[in-house]
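Secondary and tertiary structure notes
Chain residues, written in single-letter form:
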Amino acid sequence: QVQLVESGGGLVQSGGSLRLSCAASGRLFFRYAMGWFRQAPGKEREFVGAISWSGGTTYYSDSVKGRFAISRDNAKNTVYLQMNSLKPEDTAVYYCAGKTSPAPDGEVDYWGQGTQVTVSS
């Protein structure tokens with residue numbers, strides 16, 4: 001069993017940066033690929049990016065590629081989402097997820113509770 005708790009969300013101006021963290025409890029963290037998803041009001045939850053268990057492979061959606069970066073520290077059971085050059089359309093609740101594979105269509109086994117990110121114009 002893995003529990004995921006996100007932190008680091010907040011309000012930022014367009015062009016600014018935020019770093020989200022996802023702390024995992026449970027000794028199986030290192031076995032999972034970890035992903036980030038987001039859901040804006042009135043929209044479906046969408047894939048943002050993911051990282052393999054080793055950190056050697058990452059995937060990103062086209063909308064965030066070049067602006068966002070995912071990393072993980074298995075010693076700390078934590079995965080990060082560094083978000084730069086933020087845009088108002090990045091406003092959403094961001095969710096951390098434990099995945100069977102880092103690929104965008106990889107199955108999600110665990111979800112965090114989400115953290116709100118709001119980008120003002």
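Attention in this report is confined to the structure presented alongside it. (Residues numbered from 1 in each chain as written. Predicted model: local features only at pLDDT ≥ 70, side-chain atom pairs only at ≥ 80, totals over all residues. Heavy atoms only, no water.)

Quick look at the state of the cysteines now. The tally for this structure, following the rule as stated, stands at one disulfide. Disulfide partner of Cys-22: Cys-96, at an S-S distance of 2.1 Å. The disulfide joining Cys-22 to Cys-96 has a torsion of about -80° about its S-S bond and is therefore left-handed. With Cys-22 in strand E3 (residues 18-25) and Cys-96 in strand E9 (residues 92-99), this residue pair connects regions lying 74 residues apart in the sequence. On the basis of relative accessible area, Cys-96 is assigned to the buried category, the value being 0%. (Disulfide = S-S within 2.5 Å. Helix = DSSP H or I, 4+ residues; strand = E, 2+ residues; numbered from the N terminus. Buried < 20%, exposed > 50% of the residue type's maximum accessible area, 1.4 Å probe, protein only.)

This brings us to the side chain of Ser-21. Secondary-structure assignment places Ser-21 in strand E3. Beyond its immediate stretch of four places on either side in the chain, Ser-21 contacts Val-5, Glu-6, Ser-7, Trp-36, Thr-78, Val-79 and Tyr-80. (Contact = heavy atoms within 4.5 Å.)

Moving on, we come to the environment of Ala-50. Summarising the element assignment, Ala-50 is placed in strand E5 (residues 46-51). According to the relative accessible area criterion, Ala-50 is buried, its value standing at 0%. The sequence separation of Ala-50 and Tyr-60 amounts to 10 residues, and the corresponding C-alpha distance is 6.7 Å.

Tallying each qualifying case throughout the model produces four aromatic pairs. Both rings, one in Tyr-32 and one in Tyr-110, keep their centres 5.5 Å apart while their planes meet at 75°; by these two values the pair is edge-to-face. Of this pair, Tyr-32 sits in the loop between E3 and strand E4 (33-39) while Tyr-110 sits in strand E10 (residues 108-111), and the two are 78 residues apart along the sequence. Since its relative accessible area comes to 15%, Tyr-32 is described here as buried. Centroid distance Tyr-95 to Trp-111: 6.3 Å. Interplanar angle 85°. Geometry classified as edge-to-face. Remark: Trp-111 occurs in strand E10 and Tyr-95 occurs in strand E9; sequence separation between them is 16 residues. One aromatic cluster in this structure is built from Phe-37, Phe-47, Tyr-95 and Trp-111. Cation over ring: Arg-45 sits above Tyr-95, and NZ or CZ is 3.8 Å from the ring centre. Across the ring face of Trp-111, the terminal group of Arg-45 is positioned such that the distance to the ring centre comes to 4.3 Å. (Phe/Tyr/Trp six-rings, centres within 6.5 Å; stacked < 30°, edge-to-face > 60°. Lys NZ or Arg CZ within 6 Å of the ring centre and 35° of its normal.)

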